[in-house]
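Reading the structure
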Amino acid sequence: MDWDELKKPRRFTRGPDAPPPISLPQIKLPFKLPGIWVLIVIALIIWALSGIYLVRPDQKGVVLRFGRINRVTDPGPHYHLPAPFETVHKPKVTEVKRVEVGFRTIFQGPPARYQDRPTESLMLTGDENIVEVDVIGQYRISDPAKFLFAVKDSEGTVHNALEAAIREVIGSRGIDEALTTGKEQIEEDTRLLVQAMLDRYNSGLQMVVVKLQDVVPPNEVIASFVDVASAREDRDRLINEAEGYENSVIPETRGEVAEILNLAAAYRAEKVLIAQGDAQRFKNILEEYVKAKDVTRKRLYLETMEQILPGIEKFILPEQGGGVLPILPLGRGAAPPLLGGN
Amino acid sequence: MNKRYVILIAVAVVLFIGVNATFFTVGEPDQVVVTALGKPVRVIQESGLYLKIPFIQQITRFDRRLLEYDASPRAIITKDKKTLRVDNYAKWRIVDPLLFLQTVRTEAGAQARLDDIIYSELRVDLARKDLIEIVATDRSELMELVRVRTDAKARTLGIEITDVRIKRADLPEQNEAAVFGRMKAERERIARQFRSEGKEEALKIRSNTDRERTIMLADAYEKDQTLRGEGDADSVRVYAEAFERDPEFFDFLRTLEAYRKSLDNKTTILLPPQSEFLHHLNMSEIE
């Protein structure tokens, strides 16, 4: 057996010995019914049943009769007249779709991988700077009939609208606002602008949220922006250091001041108390002194001399001239050199 | 028997062809121009089931939905002589399918005509504005202006222009480099400003601290001296008040006190015999 023979249509399976093909009229039925009508009835039933359709919970059913919108049905089993009278579309109305500007998710992940689209993401700001913006929008179908038939290519429409809107919004702002404080406002303004466009297009779509993923300076200038951030840090650091200096010096000075004032107060109190003490003592002595002036005076004098004189060197002078003559070398041994020679 | 089937099938086929050639539906996204041997007889813009004369009348379907025109980016010179690469799109729809059929025939043909209309309008209108006005301030008004003008022209093609938008308006590469240069310079300026603001603030805080310290210490000195002076004054007064009672006795006592304190063992004194201390030592007196 060669290959050509194998490839030949296998006509020989129904050879002359094979049983004749089954044909309905030849079957003996218990009751008489022309077979063609059975077939037609079965076909009609199948055709009629083909109008049963199921709308899943995330869908709405839009039924068209001869191409015209006839009714919109909610989730559950429903029936429409079979084609070609009626047809049904079932858009997913609860599904939130996503549109990306400035980048594309090329792998859902995890870990997700993204691809940058510089032509989309680089945009001019209102102060003629360039900033790199990645933004996503989430939208869903708000009106299934409009969604199906009002706009051709809904997805592309949303993408273009978002791209135009984000550029318009970024273009109306300075770079610093875009990079730092204004993000929420930009998101909201963009969302409203996109929604206004989508409404104008009668698209049956609702922009649920616009989210800025990334707003960064372009690579060419990012180092300068980083330097600004570190300059801000430097500023804060310098101020903190100075405040630290203040915080250490002022309390210390307060301590010094307290010390000075305490010392001064102590000095004053001391001075006064000593003076009062001295004065009181004098008054006491004076009181007794007045009673016996001469005796007391002498006694005090002599007592003082007694205290002083034992410890010191003394010379008694001769009467009236004649130089110095040590008559009583009281005290310690040798006479002073001045006198010793005579 | 077999003959009956053949007739049945033949009738069915003829019926099917006849119905198909007579009835036609216009769907929600469609609009239709009916022509009889090339001559337009009817325009249908409502969806539903319609009749036509089979084989004589023909139908041409057009899209009734909003369509998109998306141009490739083009360079446009602004009023301040800057080049801007503009990428725009427009939303349009066929409002007069008969006119559309007569003028541009197909969507592809329409795209080409729209390209001419929109680009020339855009170029003219953008050339009247500075770059910054296009990008920032006047964008929406500008787009609306372009839309109105292009719409007026497109009406002759049976087209309505619903919206014209600048999707992107970027600078060409060589201008981008200049912008980056300027951005860098600006950032450097801001960075310098931050740093010198830091120094400014730090110097303010430090010098203020020093000032406060100096004032606090001087203040303390003043109080210190006042207190001490008060102490001194009080003591002077107390002493004076006491000593005034007998100045002579005070002099005596205080002198003795001074002797006690000032005469120590390093002192040498010469005593005349007639001094008060020695006057009993005088021989003559004894005799």
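Residues numbered from 1 in each chain as written. Chains lettered and ligands numbered in written order. Predicted model: local features only at pLDDT ≥ 70, side-chain atom pairs only at ≥ 80, totals over all residues.

What about the overall build of chain B?
Broken down by element type, chain B carries eight helices and ten strands. Across the 287 residues in chain B, those meeting the buried criterion constitute 24%. (Helix = DSSP H or I, 4+ residues; strand = E, 2+ residues; numbered from the N terminus. Buried ≥ 20, exposed ≤ 12 C-beta atoms within 10 Å, placed from the backbone.)

Here's the deal with the overall build of chain A
Within chain A, the secondary structure is distributed over ten helices and twelve strands. Per-residue burial over chain A gives 23% buried out of 342 residues. For chain A, long-range pairs separated by at least 24 residues make up 62% of all intrachain contacts whose partners lie at least 6 apart in sequence. (Contact = placed C-beta atoms within 7 Å.)

A closer look at the packing of helix 5 (residues 154-171) of chain A against helix 7 (residues 183-200) of chain A
Residues and elements named next belong to chain A. Interhelical geometry of helix 5 versus helix 7 gives an angle of 135 degrees and a closest axis separation of 9 Å. The angle between helix 5 and helix 7 falls in the class oblique. Judged by the twist between their axes, the crossing of helix 5 over helix 7 is right-handed. Between helix 5 and helix 7, the residues in contact are Ala161, Leu162, Ala165, Ile166, Glu168, Val169 and Ile170 and Ile186, Asp189, Thr190, Leu193, Val194, Met197 and Leu198, respectively. Along the lines of polarity and charge, the residues of the contact of helix 5 with helix 7 split into eleven nonpolar, one polar and two charged. (Axes fitted to C-alpha atoms, helices over the stretch in contact; angles between N-to-C directions. Parallel < 35°, antiparallel > 145°, perpendicular 65-115°, else oblique. Left-handed = near helix turned anticlockwise from the far one by under 90°. Nonpolar A, V, L, I, M, F, W, Y, C, P; charged D, E, K, R; others polar.)

Structural notes on the packing of helix 3 (residues 107-126) of chain B against helix 5 (residues 139-154) of chain B
All names here are of chain B. Taken N-terminus to C-terminus, the directions of helix 3 and helix 5 make an angle of 140 degrees; their axes are 10 Å apart at the nearest point. By the criterion of interaxial angle, the relationship of helix 3 to helix 5 is oblique. Considering how the two elements wind past one another, helix 3 and helix 5 form a crossing that is right-handed. Where helix 3 abuts helix 5, its residues Leu114, Ile117, Ile118, Glu121, Leu122 and Asp125 lie against Leu142, Leu145, Val146, Arg149, Thr150, Lys153 and Ala154. The residue makeup of the contact of helix 3 with helix 5, split by class, is eight nonpolar, one polar and four charged.

Overview of the interface of chain A and chain B
Taken together, the 86 residues of chain A in the interface contact 89 residues of chain B. Elements with a minimum of two residues in the side of chain A that touches chain B: strand 3 (68-73), strand 9 (122-124), helix 4 (144-149), helix 5, helix 7, helix 8 (222-291), helix 9 (293-308) and strand 12 (313-316) of chain A. Tallying contributions element by element places helix 8 of chain A first for the side of chain A that touches chain B, with 38 residues. The class makeup of the residues in the side of chain A that touches chain B is 46 nonpolar, 14 polar and 26 charged. As paired strands, strand 12 of chain A and strand 10 (residues 268-271) of chain B are joined by four bridges and run parallel to one another. By the bridge assignment, A:Ile316 is partnered in strand 10 of chain B with B:Leu271. (Pairing = 2+ DSSP bridges.)

Quick word on the sheet that holds strand 2 (residues 30-36) of chain B
Residues and elements named next belong to chain B. Ordered in space as 3-2-5, the three strands form an open sheet in which the pairing is antiparallel. Two strands close off the open sheet at either side, each with one partner strand: strand 3 (39-44) and strand 5 (57-63). Here the average twist between neighbouring strands, direction ignored, is 25 degrees. Of the strand pairs in this sheet, strand 2 and strand 5 are connected by seven bridges, and their pairing is antiparallel. Its bridge partner being in strand 5, Val33 is matched across the sheet by Thr60.

Section: the sheet that holds strand 5 (residues 86-89) of chain A
Adjacent strands of a sheet pair through backbone hydrogen bonds, lying either parallel or antiparallel. All names here are of chain A. With antiparallel pairing, three strands are arranged side by side in an open sheet as 3-2-5. Both edges of this open sheet fall to strand 3 and strand 5, since each of them pairs with a single strand only. Neighbour to neighbour, the strand axes of the sheet diverge by 25 degrees on average, direction disregarded. Two elements, strand 2 (residues 61-65) and strand 3, share five bridges in a ladder whose sense is antiparallel. Note that in strand 3 the partner of Leu64 across the bridge is Ile69.

Structural notes on the confidence of the model for chain B
Residues with a pLDDT of 70 or more make up 97% of chain B, whose mean pLDDT is 88. Across the whole predicted complex the pTM is 0.68, and at the interface the ipTM reaches 0.71. (pLDDT = per-residue confidence, 0-100.)

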